[in-house]
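# Commentary on secondary and tertiary structure
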Amino acid sequence: MFWILTILKGNMVEWCLPQDIDLEGVEFKSMASGSHKIQSDFIYFRKGPFFGLACFANMPVESELERGARMKSVGILSPSYTLLYRYMHFLENQVRHQLETPGHYSHLAAFYEDKKGVLHAGPGRGGSLPPVYWLPSIHRYMYPEMKITHPAGCMSQFIKFFGEQILILWKFALLRKRILIFSPPPVGVVCYRVYCCCCLANVSLPGIGGTIPESKPFFYVNVADIESLEVEVSYVACTTEKIFEEKRELYDVYVDNQNVRTHHDHLQPLLKINSADREKYRRLNEQRQMLLYSQEVEEDYNPCEEDLFVLFFLEQNNRIFQTLLEVSASQDKTLTAEHARGMGLDPQGDRSFLMDLLEAYGIDVMLVIDNPCCP
């Protein structure tokens, strides 16, 4: 695995190992726009084929040269974002150390020498998730490679923050739309929302997804990423820069606080919560409550809420695609309202979603659910 450590002074790379690596743009990714207003933060981002994690801190100083504040980030790059979290604590300690005793890099150099040969490169597509196969037991289901360490209750906070609207995000994620989340700093928690959105779209059935782009977490992006985003057909990202809102050609779905919206007319029906969405949200909360109760009464009960969250949507997605594959293999290839209800969808409210899903995944079935707007 390729490791890089950087310290940023203002927006200049102050020090790095190895010294011959191309770090163009990292100085802006490692300090989110607006970071000068907060004391500390962390940030996930992409740099070419690599993923980065940087920890930022801001300390007041009596220095005219530094304008009363010393701000630095210490970061690392890796082919896979799923491994970066292991060094969050180290980076947090080192950025504080660099603020208090600037110019001392021995701990960073020793860390680099110790770690550069320990871990091997991840999958061919950096950070991509391995194939997932269904196992009914929650605690056996999750592979370590699929996890990104997050604060306790990360998924719970995601559900609490968006409420029923996670079902809207789920549909857009499953359709592999370009989703951009705006938020002012701190941006670390918003990077976790990017990860949670990607977790909504897991499918484990063979033969699904071969014709559709993978769900890519870009994490934090800024104006320097505009060119790369212009050629992307699917991603989930976050930004602190409000100018992105005006650049509609870069995204399909824009999320500002809890407001999820799209400028595409054909996607407008997907913004409406229907009865099937409310039922799924009710079941998700019911399962969460049952899990919390089981953890209280059974000390050796292993599953966590994060596993339950991922498994809930994986099961829902598998259920949909299993039905669609069975119908496409049948003689008449007819998808009815009964099929829709069996997939946990609203025959009328999810008609537009189903049509988009069939087109996106290239599934050959005939939808015979009447459009309520066109009798």
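Overview of the structure. (Residues numbered from 1 in each chain as written. Predicted model: local features only at pLDDT ≥ 70, side-chain atom pairs only at ≥ 80, totals over all residues. Heavy atoms only, no water.)

### Side note on the overall build of the protein
Across its full length, the protein holds twelve helices and twelve strands. Element-wise, carbon and sulfur atoms account for 52% of the exposed surface of the protein, whose accessible area totals about 17,700 Å². (Helix = DSSP H or I, 4+ residues; strand = E, 2+ residues; numbered from the N terminus. Areas by Shrake-Rupley, 256 points an atom, 1.4 Å probe, with all protein chains shown as cover.)

### A word on helix H2 (residues 88-100)
Given a rise of 1.5 Å per residue, 13 residues ought to cover 18 Å, and the 19 Å separating the end C-alpha atoms of H2 matches this to within 8%. Residues of H2 that are buried include every one of Met 88, Phe 90, Leu 91, Gln 94, Val 95, Gln 98 and Leu 99, and no others. Buried positions in H2, seen along its axis, are confined to an arc of 165° and lie on one side of it. Within H2, the exposed residues directed more than 90 degrees away from the buried face are His 89 and Glu 100. (Expected span 1.5 Å × (residues − 1). Buried < 20%, exposed > 50% of the residue type's maximum accessible area, 1.4 Å probe, protein only. Arc of directions from axis to C-beta.)

### A short note on the packing of helix H5 (residues 154-162) against helix H7 (residues 188-199)
Remark: H5 packs on H7, axes separated minimally by 10 Å, with the N-to-C direction vectors making an angle of 90°. It follows that H5 is roughly perpendicular to H7 by the angle criterion. Mapping the contact onto sequence places Cys 154, Met 155, Gln 157, Phe 158, Phe 161 and Phe 162 in H5 and Val 189, Tyr 192, Arg 193, Tyr 195, Cys 196, Cys 197 and Cys 199 in H7. Here the residues of the contact of H5 with H7 sort into eleven nonpolar, one polar and one charged. (Axes fitted to C-alpha atoms, helices over the stretch in contact; angles between N-to-C directions. Parallel < 35°, antiparallel > 145°, perpendicular 65-115°, else oblique. Contact = heavy atoms within 4.5 Å. Nonpolar A, V, L, I, M, F, W, Y, C, P; charged D, E, K, R; others polar.)

### What to know about the packing of helix H10 (residues 305-328) against helix H12 (residues 351-361)
With their axes 12 Å apart at the nearest point, H10 and H12 run at an angle of 70° to one another. On the basis of their axis angle, the class for H10 and H12 is roughly perpendicular. Judged by residue contacts, Ile 320, Phe 321 and Leu 324 of H10 engage Leu 354, Leu 357, Leu 358 and Tyr 361 from H12.

### As for the packing of aromatic side chains
Applying the stated rule across the entire model yields 20 aromatic pairs. Ring plane angle 55° and centroid distance 6.3 Å describe the contact between Tyr 44 and Tyr 192, whose orientation is recorded as tilted. Placement of Tyr 44 in strand E3 (residues 40-47) and of Tyr 192 in helix H7 is noted, with a sequence separation of 148 residues between them. Accessibility expressed as a relative area gives 0% for Tyr 44, which makes it buried. The buried category is assigned to Tyr 192, whose relative accessible area is 5%. When the centroid spacing of 4.7 Å and the interplanar angle of 55° are considered together, the rings of Phe 321 and Tyr 361 count as tilted. Taken as a pair, Phe 321 in helix H10 and Tyr 361 in helix H12 lie far apart in primary sequence, 40 residues in all. A single burial state applies to Phe 321 and to Tyr 361, both of which are buried. Clustering of aromatic rings is evident, with ring pairs tying together Phe 158, Phe 161, Phe 162, Trp 170, Phe 309, Phe 312, Phe 313 and Phe 353. One residue, Lys 171, lies across the ring of Phe 353, its end atom 5.8 Å from the ring centre. A cation over an aromatic ring shows up here: Lys 242 above the ring of Phe 182, its NZ or CZ 4.3 Å from the ring centre. (Phe/Tyr/Trp six-rings, centres within 6.5 Å; stacked < 30°, edge-to-face > 60°. Lys NZ or Arg CZ within 6 Å of the ring centre and 35° of its normal.)

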